[in-house]
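Structural overview
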Amino acid sequence: MSTALPPRPRQISQTKAHICIVASIYNSEFTDALVENATDELNNILPQATISVARVPGAFEIPVASSALLHAEDTPIVLIALGLIIRGKTQHGDLVAESVTTSLQQLACDTKIPVIHEVLLVDDEKQAYARCIGSQLNRGREAARSAHTMIELFSELGLHQDKKKKSTRSYPSNA
Ligand SMILES: Nc1c(NC[C@H](O)[C@H](O)[C@H](O)CO)[nH]c(=O)[nH]c1=O
Ligand SMILES: CC(=O)[C@@H](O)COP(=O)(O)O
């Protein structure tokens, strides 16, 4: 059974967090809507946050781009992954979806930076419309609200990762 959105949380006005969205371009009618809904909701509940958006060709490219961004200099406080996989006649869609899910979870646990997973696997455009464009089940808004919850939790628990510190190394290593 499809569940409706969690309630909109209270606004956190003071958080100047950097939030990164990594979204696929594939099925752009739907993925653009996911980005728009997620961004709009973030602007409502985290108005001071800085939001960066990276677009990759398809869902399969989301994990590698996410990994690069989570290991970059300006590490985001949370990463939101958005995509839409519509099953075709082969197992390709399921294989992509499973690989992306496993990779994103591993990335979150390795970096200890929350990764919000809304890379959807659906059977048809009707399911896609309800979750990407419709309002009652909108997974873009859901992603924003989940990001908000994780930011609050990690802040309360003092778990936010410090900015990536530049490592100074001498070369050759025996120098
Ligand atoms: N069929 C869908 C794809 N397929 C493309 C893959 O994600 C990937 O870009 C390709 O295998 C090259 O590495 N991607 C989606 O996001 N959604 C689809 O429905
Ligand atoms: C999820 C996909 O890559 C999908 O478009 C592939 O379709 P098919 O399984 O019919 O090749």
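Residues numbered from 1 in each chain as written. Chains lettered and ligands numbered in written order. Predicted model: local features only at pLDDT ≥ 70, side-chain atom pairs only at ≥ 80, totals over all residues. Heavy atoms only, no water.

A few words now on the environment of Ser 67. Secondary-structure assignment places Ser 67 in helix H2 (residues 62–70). Taking relative accessible area as the criterion, Ser 67 reaches 26% and is therefore assigned partly exposed. It is 9.3 Å that separates the C-alpha atoms of Ser 67 and Ser 103, two residues lying 36 residues apart in sequence. (Helix = DSSP H or I, 4+ residues; strand = E, 2+ residues; numbered from the N terminus. Buried < 20%, exposed > 50% of the residue type's maximum accessible area, 1.4 Å probe, protein only.)

With that out of the way, let us pick up the site of ligand 2. Taken together, the neighbourhood of ligand 2 is formed by Tyr 26, Ile 85, Ile 86, Gly 88, Lys 89, Thr 90, His 92 and Gly 93. For ligand 2, whose unbound accessible area comes to 330 Å², protein coverage reaches 68%. Mapped by element, the contributors of at least two residues to the shell around ligand 2 are strand E3 (78–86) and helix H3 (92–111). Counted by class, the shell around ligand 2 contains three nonpolar, four polar and one charged residues. (Near = heavy atom within 4 Å. Areas by Shrake-Rupley, 256 points an atom, 1.4 Å probe, with all protein chains shown as cover. Nonpolar A, V, L, I, M, F, W, Y, C, P; charged D, E, K, R; others polar.)

If you check UniProt for "active site" (unreviewed entry), the listed places come out as His 92 in our numbering. Here His 92 shows up in helix H3. By relative accessible area, His 92 is classed as exposed at 54%. (UniProt positions renumbered as here; feature names shortened; annotations may be inferred.)

Looking now at helix H5 (residues 139–156). Taking 1.5 Å per residue as the helical rise, H5 with its 18 residues ought to reach 26 Å, and the 25 Å between its terminal C-alpha atoms agrees with that figure. Listed in full, the buried residues belonging to H5 are Arg 139, Gly 140, Arg 141, Glu 142, Ala 143, Ala 144, Arg 145, Ala 147, His 148, Ile 151 and Phe 154. Residues of H5 that are buried in the fold lie against strand E1 (18–24), helix H1 (28–45), E3, strand E4 (115–122) and helix H4 (125–132). Two or three places before Gly 140, at the opening of H5, Asn 138 has a side-chain oxygen 2.9 Å from that residue's backbone nitrogen. Immediately downstream of H5, the backbone of Gly 158 shows phi near 65°, a positive value. (Expected span 1.5 Å × (residues − 1). Contact = heavy atoms within 4.5 Å. Polar contact = N/O pair within 3.5 Å; in protein donor to acceptor, adjacent residues only side chain to side chain.)

For His 18, the position within the fold is in strand E1. Looking at His 18, the relative accessible area reads 14%, which means it is buried. Polar side-chain contacts of His 18 include one of 2.8 Å to the side chain of Ser 52. If we skip the residues at most four places from it in the chain, His 18 touches Thr 50, Ser 52, Asp 74, Thr 75, Pro 76, Ile 77 and Val 78.

It is worth spelling out the UniProt feature "binding site: (2S)-2-hydroxy-3-oxobutyl phosphate" (unreviewed entry) in the protein at this point. The positions UniProt marks with the feature "binding site: (2S)-2-hydroxy-3-oxobutyl phosphate" (unreviewed entry) are Lys 89, Thr 90 and Arg 131. The greatest C-alpha distance among the annotated residues, which extend across 43 residues, is 22.8 Å, indicating that they are dispersed rather than converging on a single site. For Lys 89, the position within the fold is in the loop between E3 and H3.

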